[in-house]
Amino acid sequence: MSPSPSDALLPMYESVARYFSLLGEPTRLRILHAVCDEERCVNDIMQITGLEQPNVSRHLARLHQAGLLERRRDGSRVFYRAARSPQWDLCRLIAQQVCRAQVRPGSGQGCTAGGLESVFPVESKEEASV
């Protein structure tokens, strides 16, 4: 029996599934939210999220490896910031869609400040034009 056309795409499907499983962990979303607006060191991320250092470091490593975070070392401290990338844009679009699906029309609630959309903020027009 010959392989089906979708068999050739199996590695791509597996890669996409791994990527989405990365974002399926609420702890990672909390970490992304902590660094969405500004660069932060590991200690700051621990304080914001209330998580222990080994747990934070493990999740930061996975997010960095996936290309969602950039990092830099300054002496003994490591700083993380959001990597503005196509992956980040995809995450933002998904967060917006989930938020909109959860907010009832006319409820007066929005998808900004503190909502899922704030995890992956929309770039300002100035940032988008740079």
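Relevant structure appears above.
Our subject in this report is the structure included herewith. These numbers were taken from a predicted model, which means no experiment stands behind them. (Residues numbered from 1 in each chain as written. Predicted model: local features only at pLDDT ≥ 70, side-chain atom pairs only at ≥ 80, totals over all residues. Heavy atoms only, no water.)

Topic: the pairing of strand β3 (residues 77–82)
The pairing of strand β1 (residues 40–41) with β3 spans 2 bridges and is classified as antiparallel. Of the residues in β3, the one forming a bridge with C41 is F79. Where strand β2 (residues 69–74) and β3 come together, 6 bridges link them in antiparallel fashion. Bridge pairing in β3 links D74 to R77. (Pairing = 2+ DSSP bridges. Helix = DSSP H or I, 4+ residues; strand = E, 2+ residues; numbered from the N terminus.)

What about the nonpolar core?
Burial of nonpolar side chains together is a common tendency in soluble globular proteins. Formed by 21 residues in total, the largest nonpolar core has its most connected members in L60, L68 and Y80. Looking at this core, the elements with two or more residues in it are α1 (10–23), α2 (26–35), α3 (42–49), α4 (53–65), β3 and α5 (86–102). Those residues within four positions of L60 in sequence are excluded, and the remaining contacts are I31, V42, I45, L69 and Y80. (Core = buried A, V, L, I, M, F, W, Y, C linked by side-chain atoms within 4.5 Å. Buried < 20%, exposed > 50% of the residue type's maximum accessible area, 1.4 Å probe, protein only. Contact = heavy atoms within 4.5 Å.)

Points about the pattern of salt bridges
Enumeration over the complete set of coordinates arrives at 4 salt bridges. As a salt-bridge pair, E38 and R40 come within 3.5 Å of each other at their nearest N and O atoms. Here E38 falls in the partly exposed class, since its relative accessible area comes to 44%. As a salt-bridge pair, E39 and R72 come within 2.8 Å of each other at their nearest N and O atoms. Residue E39 is found in the loop between α2 and β1, and its partner R72 is found in strand β2; the two are separated by 33 residues along the sequence. Of the residues examined, R72 reaches a relative accessible area of 34% and is grouped as partly exposed. (Salt bridge = Lys/Arg side-chain N within 4 Å of Asp/Glu carboxyl O.)

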